Structure formats: C-alpha cells, structure tokens
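Here are the chains, one letter per residue:
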Amino acid sequence: MHGKHLISVALLWAGLTAIGELLVFADLFPPVGSHEAEDFDSIFRFLLILGIPVFTFVIAVVTYAALTWRVRGDQPDEDGPPIRGRGWVPRIWLAITGALAVFVMIHPGLTGLAKLQSSYTAYGWGPEEADLEIDVTAFMWQWTFTYPDGTEISVTKGKEVVIPVNKHVRFNVNSVDVVHSLWIPAFRMKIDAIPGRTTYMTVYPTELGAYNDDQAYRVQCAELCGLDHSKMWLPVRVVTESEFEAWLASLKSEGK
C-alpha cells in the first residue's frame, strides 16, 4: 500500500475513532436507577473505549479499500490475486487484539463476576442479605410478586411492583413452567427463572423513578418463552421508605 493510502486510511480511522469515543460519553444510556446500573454502565463504557479503535480500524480499511479499488467499467472474468497477511503489520495487529481480548476476559470479565456473585455456589447476583425480600413466580405469561406480609402483586392485583429507595431488595425467583428471565432495565440486572430452582438477584435502588416517567422502570421477561412473551411485564416504581409503607398499608386495607 502506498504512503498516500496509508495516510488516508489513518486519517479516516482517527476521525471515526474520535466520533466513536465521543459517543461513549454522550447521554445515550437508559436512566441509572441503582448502584448496580452505575457499575454496569462503567464497565460497558470501558469496553467501548477499548473496542472502538479496533472496530473503526476494520471499518476504515474495508471502506477505504471498497471505495478506492472498486471495479470500474466492465466486470472482470476472474477474481484478483489473493492478498495474504505477512510481515510485521498482521503480527502486531494479532498481538494487540489478542492481548485486549485476554485483558477484558480477566478485567472486567472475571473480576466483575467475582464482585457480583457472593459465592461460587450462589444461584444469583448480589448480596444474599437484604432489607426486603420479594418472592417472584413466573409463568406463561405473567409474574406474581409476593411481599413478606403476604401482599401479592400481579397484572390483576396492584398492577405495579413498588420498592423502597436506598434499600437492598432481593428478588427470589421461580418458574412453574418454562425458563423465563426477570429483567429490570433501569437496574441493568436480570436473572433467569428456572423451573425447580430458586434463583435471586439483589439490587440497591439509588434513584426515585416510575414507569410512567421512563419505561426502563419495568419488570420484563428477557427470555423468549412463547407466544405472549412480549406481554410479560409489569411497571416498577421506586419510592421513599415512608411511601412504600403507605403503599403496602393501602393494599392491605383493600384486601390484596
């Protein structure tokens, strides 16, 4: 490749990389509703910062080659001569990308997993001890949430999941038919609901929020589970502790 082509590709790569890196810090993410969401967004941005130069390099080379050496005029009868990777360039490329892959597998891959899982034998994410435990039952195609006082929430009772802010909330998750997955986008957390096994996830909401203000505040099944999978959701509302207690009392007075 001649020098002018190398310079052109390098400039295109630098421009695309700059745009990509700027977008990493743009406000394009869903609302951050929990401590866990802050961690996952930081990890995702870190991976993007590392991955964008690799991605844009491939895009720059392919785009420049396609535009510069595209066939003009009549189509040739045969393909051109093959281009084989030789010399120091492909070796350096392989070394850098391979080292990046190993690095992200260790950090934040394994280190993040160790931080999220309380023990190697735990069937869930986050601390096992919590201020509030809610039992969750999944079935085609609904959820049932049972609070410690027996209050039950579903699409017909209560019709929304309410939890207090600045408290550890643990969801103990079961399924009575097929595999589902409990997912709350504002918290960036999900856990599979597996028949015959109780899994859990513990979240620490740090912001008040409600589905009416942002649809990221919802419980959504994240495992394709049948015809009405997309309808398997419920609104979530994060409130102060006093509002939470008042909400529970109001449901109890209504006999729910």
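Computed from a prediction, not measured in an experiment: that's the story for all the values here.

About the thresholds
- Residues numbered from 1 in each chain as written.
- Predicted model: local features only at pLDDT ≥ 70, side-chain atom pairs only at ≥ 80, totals over all residues.
- Heavy atoms only, no water.
- UniProt positions renumbered as here; feature names shortened; annotations may be inferred.
- Helix = DSSP H or I, 4+ residues; strand = E, 2+ residues; numbered from the N terminus.
- Expected span 1.5 Å × (residues − 1).
- Bend = angle between axes of the 7 residues up to and from the residue.
- Pairing = 2+ DSSP bridges.

(A) Geometry of the UniProt feature "transmembrane region" (unreviewed entry) in the protein chain. Mapped onto the present numbering, the UniProt feature "transmembrane region" (unreviewed entry) falls at residues 42-67 and 88-110. In this annotation, residues 42-67 is assigned 100% helix and 0% strand; the end-to-end C-alpha distance for the span is 37 Å. The span residues 88-110 carries 100% helix and 0% strand; its end-to-end C-alpha distance comes to 32 Å.

(B) Structural context of helix α3 (residues 88-116). Between its first and last C-alpha atoms α3 spans 40 Å; for 29 residues at 1.5 Å apiece the expected length is 42 Å, and the two agree. Most pronounced at Phe-103, the bend in α3 amounts to some 25°.

(C) Spotlight on the sheet that holds strand β4 (residues 152-153). Ordered in space as β1-β9-β6-β2-β3-β4, the six strands form an open sheet in which the pairing is mixed. Here the strands that pair on one side only, and so sit at the sheet edges, are β1 (124-125) and β4. As paired elements, strand β3 (residues 142-146) and β4 share two bridges and run antiparallel to each other. Bridge pairing in β4 links Phe-145 to Ile-153.

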